[in-house]
Amino acid sequence: MHFEKELLIAVEKMPAFPKSVQRVLELTRNPDSAPKLIVEVIAKDPVMTARILRVLNSAFYGLPSKVTGVDHAVVMLGINTIKNLAIRIAAVGMIPPTNDAGFDTNRYLLHSLGCAEAARLLAQKLDDADPTEAYIAGLLHDIGKILYALYQPRAFRAALDRSAATGLALHLAEQEVLGVDHTVAGALLAKKWEFPDTLVDCIRQHHQAPPRQGVGRTLFLANQIMKVRAFGDAGNPEIVALPEGLGGSLGNDYEGVAESLAGLDNLLAQAGSYAGMKEES
Amino acid sequence: MKLRFWGVRGSIPTPGPETVRYGGNTTCLEVRTDDGTLILLDGGTGIHRAALNLLREMPIRANIFLTHTHWDHIQGLPFFIPIFVPGNRVTLYGPFDPVSGSGVEQVMEVQMQYSFFPVREAELRANMDYRVLKPGVSVSVGDATITPVLLSHPVVNYGYRIECNGKSMFFTGDHEPHTNIYAPGDEAHAAYEEMLVRQRSEIVSAMAGVDVLVADSSYTPEEYATKVGWGHGTYDSSIGLAAAAGAKTLFCTHHEPTRSDDALEAVFAAALARNRAAAAGIDIRLAAEGVVLEW
Ligand SMILES: [Zn+2]
Ligand SMILES: [Zn+2]
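Residues numbered from 1 in each chain as written. Chains lettered and ligands numbered in written order. Predicted model: local features only at pLDDT ≥ 70, side-chain atom pairs only at ≥ 80, totals over all residues. Heavy atoms only, no water.

## A closer look at the overall build of chain A
Then step 1. Within chain A, the regular secondary structure consists of 16 helices and zero strands.
Then step 2. Taking 281 residues into account, the globule formula puts the C-alpha radius of gyration at 19 Å, and chain A, at 19 Å, falls close to it.
Then step 3. In chain A, the share of contacts with a sequence separation of at least 24, taken over all contacts with a separation of at least 6, comes to 69%.
Then step 4. As presented, chain A carries roughly 11700 Å² of accessible surface, and 54% of it is formed by carbon and sulfur atoms.
Then step 5. Here chain A contributes 27 positively and 32 negatively charged side chains, and the mean placements of these two sets differ by 5 Å. (Helix = DSSP H or I, 4+ residues; strand = E, 2+ residues; numbered from the N terminus. Rg over C-alpha atoms; globule rule 2.2 N^0.38 Å. Contact = heavy atoms within 4.5 Å. Areas by Shrake-Rupley, 256 points an atom, 1.4 Å probe, with all protein chains shown as cover. Lys, Arg positive; Asp, Glu negative; His and termini not counted. Charge placed at Lys NZ, Arg CZ, Asp CG, Glu CD.)

Encoded structure:
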């Protein structure tokens, strides 16, 4: 009871998930969305705009003139590049630079981006979930850990240590130390951010027996694949055995499923380079 | 300076009886400067035959400039045979990608993953290096100076101006003329238009006075109407560019993959007739595999 009260207070303290990014994601589901609409959404979010301009104006790219606004960015680089840049920046921007729990947010981010990319490919391949929804599910499924790292740092550190020392799954260690695990915290946060119920459920249930279809299945597979591949790390040493038939036509083991996803390695390499940009942006 | 076309098709290779005259390979151009410096523009499937032709010259020093990383401009690279032979030196130049934060260095690695290609990038035998270019910042290769220019495509695409001893050419790669994203009555329309005018004039001045312009001319205006935002130009937009820049010769390229040789000649003739005023004084041709121009 005591834990839940503190959890709700922590949820209230978390910053808002940029509405603009949600809108951009919605708009990009329809490939025919007018560029003007996407620009309007981004331009109305000063933080997002500033981040885009900072990336584009970094000396690294050496653009011939300083990019002064979202419209200008579109003139120079095109709507497609700016749209994708906005989505990437949003993912990175959610993560605070430091926390008292000593939780490695770089590796967490890598794990989340990897899950997002894999979940999206899986949704396309298995064809029973919305790829954008799968991407967001991958990106945010462990967001509860960030909440713990920020607002329950000592207890979360203890859970991480216990999990590392004993091999106990992190969510079980959290239940012992914190009373509730990060799936509950994450789901509360997603609800506060007014994400669709499917996504909230997906976050809440991602350590339960995996559903046989839909976003939940893509998230489960993506999460395990990232752990098998040791791509990033969100503090949980446990790898769940692949339930019979869950990979469908894609394969009977995680590596087989991963290999069926054309382009995954490339996307992971990109995610890696993007996670590395966190400090400068 | 000598220019040779090894691939002129857009999007996907189109071999077959319908395309024998103009060719079915995707984009690849070979440029030789006065001192014989070897420059390849893009690595579409056309680069395979370019490679066969280069075997007798080995060891070679090849400078490959990629306009962008869409498949039809890179898919021949793993078949550029000199990369497998020790003693050759191959430098790949290209643009950055602000979305992934990486650049041209990932092009080979991505294509040569073990599930897609039998040889891995790390196993290449030539001396390979990668250089990410900054827009507007020229590089020297042999006696040539190459300047990348930011054009308009769904991914970052560089046009390249190549100059050597007073001779010059410009290759657009894939380029769609900029359009205003706001409707004329919209309050943001005028300011956006102003930026477009500046951007267009920067592009035109980057190709000003070239001897040869090779430009993405994928569509007719009617076709373009349903393909806005796909990143390609029309015969009319290319002729307009050539006229504005004062180019002496224009090669229309990136031929639409469903276009047969006969259809290509028909739409080209119609485009010339439609743009008679703008086309006046410019030597305008269709790019075709095997065509060589020396000047
Ligand atoms: Zn192309
Ligand atoms: Zn392209």
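## Notes on the state of the cysteines
Residue and element names in this part refer to chain B.
Then step 1. With the rule as written, the count across this model stands at zero disulfides over all chains.
Then step 2. Between Cys28, a free cysteine, and Cys252, which holds the nearest cysteine sulfur, the sulfur-to-sulfur gap is 19 Å.
Then step 3. Given a relative accessible area of 0%, Cys28 falls into the buried group. (Disulfide = S-S within 2.5 Å. Buried < 20%, exposed > 50% of the residue type's maximum accessible area, 1.4 Å probe, protein only.)

## Description of the coordination of the zinc ion (ligand 1)
Residues and elements named next belong to chain B.
Then step 1. Coordination sphere of the zinc ion (ligand 1), protein contribution only: Asp72 (OD), His73 (NE2), Asp174 (OD) and His254 (NE2), at 2.1 to 2.2 Å.
Then step 2. Here the zinc ion (ligand 1) binds four donor atoms, and the angle range of 88 to 165 degrees at the metal identifies the geometry as irregular.
Then step 3. All donors of the zinc ion (ligand 1) belong to a single chain; written as a sequence motif, their spacing is D-H-x100-D-x79-H.
Then step 4. Here the zinc ion (ligand 1) and the zinc ion (ligand 2) are spaced 3.5 Å apart, and both take Asp174 as a donor. Residue Asp72 is located in the loop between strand 4 (61-65) and strand 5 (89-94), and its partner His254 is located in the loop between strand 12 (249-253) and helix 6 (261-274); the two are separated by 182 residues in the primary sequence. Per residue, the accessibility class of Asp72 equals that of His254, and both read buried. (Donors = N, O, S within 2.8 Å, 3.2 Å for Na, K, Ca; no water. Tetrahedral: all angles 85-135°; square planar, octahedral: opposite > 155°, others 65-115°.)

## Structural notes on the sheet that holds strand 7 (residues 139-141) of chain B
All names here are of chain B.
Then step 1. Strand order in the open sheet formed by seven strands is 7-8-9-10-11-12-13, and the pairing between neighbours is mixed. At either end of the open sheet lies a strand with only one pairing partner, and these are strand 7 and strand 13 (283-286). The sheet shows a mean angle of 20 degrees between the axes of neighbouring strands, taken without regard to direction.
Then step 2. Where strand 8 (residues 144-150) lies against strand 9 (residues 158-164), six bridges are found, and the strand directions are antiparallel. (Pairing = 2+ DSSP bridges. Axes fitted to C-alpha atoms, helices over the stretch in contact; angles between N-to-C directions.)

## Focus on the domain arrangement of chain A
Residues and elements named next belong to chain A.
Then step 1. Taken domain by domain, chain A comprises domain 1 (18-93) and domain 2 (99-274).
Then step 2. Its C-alpha centre places domain 1 at a distance of 27 Å from the equivalent point of domain 2.
Then step 3. If you look at the interface, domain 1 gives 10 residues, while domain 2 gives 15 residues.
Then step 4. Buried surface at the junction of domain 1 and domain 2, both sides included, amounts to about 1100 Å², of which 58% is carbon and sulfur. (Domains from an automatic or database assignment. Buried area = accessible area lost by both parts, 1.4 Å probe.)

## Some remarks on helix 5 (residues 70-77) of chain A
All names here are of chain A.
Then step 1. Burial within helix 5 is extensive, with eight of its eight residues counted as buried.
Then step 2. Residues Val70, Asp71, His72, Ala73, Val74, Val75, Met76 and Leu77 constitute the buried set of helix 5.
Then step 3. Just downstream of helix 5, Gly78 is the residue with a positive phi angle, here 90 degrees.

## Some details on the sheet that holds strand 5 of chain B
Residue and element names in this part refer to chain B.
Then step 1. Strand order in the open sheet formed by seven strands is 6-5-4-3-2-1-14, and the pairing between neighbours is mixed. Each edge of the sheet is formed by a strand with only one pairing partner; in this case those strands are strand 6 (127-132) and strand 14 (292-294). Each neighbouring strand pair of the sheet contributes to a mean axis angle of 20 degrees, computed without reference to strand direction.
Then step 2. Of the pairings in the sheet, the one linking strand 1 (residues 2-7) to strand 2 (residues 28-32) comprises five bridges and is antiparallel in character. Each bridged residue has a counterpart across the sheet, and for Phe5 the counterpart in strand 2 is Leu29.

## Looking at the nonpolar core
All names here are of chain B.
Then step 1. Leu41, Phe65 and Met169 are the most contacted members of the largest nonpolar core, which totals 134 residues.
Then step 2. With sequence-adjacent residues up to four places away left out, Phe65 is seen in contact with Ile39, Leu40, Leu41, Asp42, Tyr93, Leu133, Val139, Val141, Ile146 and Tyr160.
Then step 3. Counting 28 residues, the second-largest nonpolar core is a separate cluster that includes Phe170, Met207, Ile239 and Cys252. (Core = buried A, V, L, I, M, F, W, Y, C linked by side-chain atoms within 4.5 Å.)

## Some words on the interface of chain A and chain B
Then step 1. Counting from both sides, the interface comprises 32 residues of chain A and, opposite them, 28 residues of chain B.
Then step 2. Where chain A abuts chain B, roughly 2600 Å² becomes buried across the two surfaces, and 60% of that area is made up of carbon and sulfur atoms.
Then step 3. Looking only at chain A, the three residues that lose the most surface to chain B are Lys36, Tyr61 and Val75 of chain A, adding up to 24% of its buried area.
Then step 4. Where chain A meets chain B, there are one salt bridge.
Then step 5. The shortest N-O distance in the salt bridge between Asp186 of chain B and Lys36 of chain A comes to 2.7 Å.
Then step 6. One can count five residue pairs in polar contact (both at pLDDT 80 or more) joining chain A with chain B. (Salt bridge = Lys/Arg side-chain N within 4 Å of Asp/Glu carboxyl O. Polar contact = N/O pair within 3.5 Å; in protein donor to acceptor, adjacent residues only side chain to side chain.)

## Focus: the pattern of salt bridges
Then step 1. Enumeration over the complete set of coordinates arrives at 24 salt bridges over all chains.
Then step 2. One salt bridge connects Glu123 of chain B with Arg120 of chain B, and the closest N-O pair in it is separated by 3.5 Å.
Then step 3. When its relative accessible area of 33% is taken as the criterion, Glu123 of chain B is described as partly exposed.
Then step 4. One network of salt bridges, with partners in common, ties together Arg229, Glu255 and Asp265 of chain A.

## What about unusual backbone geometry?
Then step 1. With an omega of 0 degrees, the peptide bond running from Met58 of chain B to Pro59 of chain B counts as cis.
Then step 2. Tracing the sequence through the fold places Pro59 of chain B in the loop between helix 1 (47-54) and strand 4.
Then step 3. With phi around 55 degrees, Ala230 of chain A is a residue other than glycine that occupies positive phi space.
Then step 4. Along the chain, Ala230 of chain A falls in the loop between helix 14 (214-228) and helix 15 (254-259).
Then step 5. Overall, Ala230 of chain A belongs to the exposed group, its relative accessible area being 57%.

## Things to note about the environment of Asp35 of chain B
All names here are of chain B.
Then step 1. As for its position among the elements, Asp35 is in the loop between strand 2 and strand 3 (38-41).
Then step 2. Distance from Asp35 to Glu57, taken between C-alpha atoms, is 15 Å for residues 22 residues apart in sequence.
Then step 3. Ignoring anything within four residues of it in the chain, the contact list for Asp35 reads Gly142 and Asp143.
Then step 4. A distance of 2.9 Å separates polar atoms of two side chains, one belonging to Asp35 and the other to Thr33.

## Topic: the environment of Glu6 of chain A
Then step 1. Within the secondary structure, Glu6 of chain A is located in helix 1 (residues 2-13).
Then step 2. Distance from Glu6 of chain A to Tyr151 of chain A, taken between C-alpha atoms, is 8.9 Å for residues 145 residues apart in sequence.

## Some details on helix 8 (residues 131-140) of chain A
Residue and element names in this part refer to chain A.
Then step 1. With respect to burial, helix 8 is a largely interior element, nine of its 10 residues being buried.
Then step 2. The complete set of buried residues in helix 8 reads Thr132, Glu133, Ala134, Tyr135, Ile136, Ala137, Gly138, Leu139 and Leu140.
Then step 3. Measuring from the backbone nitrogen of Glu133 back to the side-chain oxygen at the start of helix 8 gives 3.0 Å, which picks out Asp130 as the cap.

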